[in-house]
Amino acid sequence: AVNCPSISPEWQNPNGVPIDAIIFGARRRAVVPLVYEARDWQHGTFLGATLRSETTAAAVGKVGVLRRDPMAMVPFCGYNMADYWQHWLSIGTQLRSTGTVPRIFQVNWFRKDSDGDFLWPGFGDNSRVLAWILDRVDGQVAADDSPLGLLPRPGDINTDGLNLSAGAFSQLFEIDPTRWLAEVDDTERFFDTFEGKVPVAVLRQLSELRLRLQHMP
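Residues numbered from 1 in each chain as written. Predicted model: local features only at pLDDT ≥ 70, side-chain atom pairs only at ≥ 80, totals over all residues. Heavy atoms only, no water.

1. What to know about the nonpolar core
Ranked by size, the top nonpolar core spans 52 residues in total, and within it Leu34, Val35, Trp85 and Val129 carry the most contacts. Going through the elements one at a time, β1 (21–25), β2 (35–37), α1 (41–49), α2 (81–98), β5 (103–107), α3 (126–137), α5 (177–192) and α6 (200–214) are the ones with two or more residues in this core. For this core, the leading source of residues is α2, giving 6 residues. With sequence-adjacent residues up to four places away left out, Trp85 is seen in contact with Thr45, Ala49, Pro70, Met71, Phe190, Phe191, Phe194, Val198, Pro199 and Val202. (Core = buried A, V, L, I, M, F, W, Y, C linked by side-chain atoms within 4.5 Å. Buried < 20%, exposed > 50% of the residue type's maximum accessible area, 1.4 Å probe, protein only. Helix = DSSP H or I, 4+ residues; strand = E, 2+ residues; numbered from the N terminus. Contact = heavy atoms within 4.5 Å.)

Written out as C-alpha cells, the structure is:
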C-alpha cells in the first residue's frame, strides 16, 4: 500500500481516520444508475443490504449471473447478515450523536446500451464520479431527488473530453419503474429467507422504495 502515491499519510494511524463517504459498487449491465446517493444512514444501510452484482470470471460458476452480495461482505461476514445490518444501524445511531455521519453512495461502472456496449468509459474516468461524490460531501453541489436516491444534476459530473455516444449520459441515469419493482419483489423474497430477523428500518426502506416507484410519473 505504501507504493500508492495518493495514500493518506494517516493510513496507519492507530486512532483511525475520518470517513467522509462510503461507496458500494455493483456490476450491473442495466437498471442501476452510474451513481446515486443515499438520503441518510438508514437508506444507505438499505443500499448495502440489497446489493446485487453480476458474477465475473473471478467467481465460481457462470459469468454474468446476478447474485446477492450485501455490503460486498458475503464471503467475509461471520454471522447472520441481518444482525450485521442491525450492527450498521446501531453504528449510525452512535455517529449521529457525534454530529459526523459519512455519506453513502452506490456506483455502477458497467451499465450497457441496447447493443451491449458500455455506456461509461470506466478506468481513470471513474475519478469524474468520485469528484462529484467529494463535491457532495463538501456541499459544493446540489442533487436531484429520485425514487432510488439523490442523482447528479445535469452538468455536475465533468464529461469534458469524453467520447460519449448520443444520449449515453442520460441512459446512465434512466430509472425503469417496471424493472425496479421487479427488483423490489426479488428483494422481498430475499428478506423472507431471514425468517423475521431483518431490521424493521431496512424493511421500511423497501416499502418506501416500492411506493416511490409506484408513484413515478
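Next comes the rest of the write-up.
2. Some details on α6
With 15 residues, α6 extends 21 Å between its outermost C-alpha atoms, agreeing within 8% with the 21 Å of an ideal straight helix rising 1.5 Å per residue. Every buried residue belonging to α6 is among Ala201, Val202, Gln205, Leu206, Leu209 and Leu213, and all of these are buried. Taken around the axis of α6, the buried residues stretch over an arc of 150°, which confines them to a single face. Residues of α6 that are buried make contact with α1, α2 and α5. (Expected span 1.5 Å × (residues − 1). Arc of directions from axis to C-beta.)

3. Looking at the pattern of salt bridges
In the structure shown here, the tally under the stated rule is 15 salt bridges. Between Arg128 and Asp125 there is a salt bridge, and its shortest N-O distance comes to 3.0 Å. Here Arg210 ties to Asp185 by a salt bridge, and the two come within 2.9 Å at their closest N and O atoms. Remark: Asp185 occurs in helix α5 and Arg210 occurs in helix α6; sequence separation between them is 25 residues. (Salt bridge = Lys/Arg side-chain N within 4 Å of Asp/Glu carboxyl O.)

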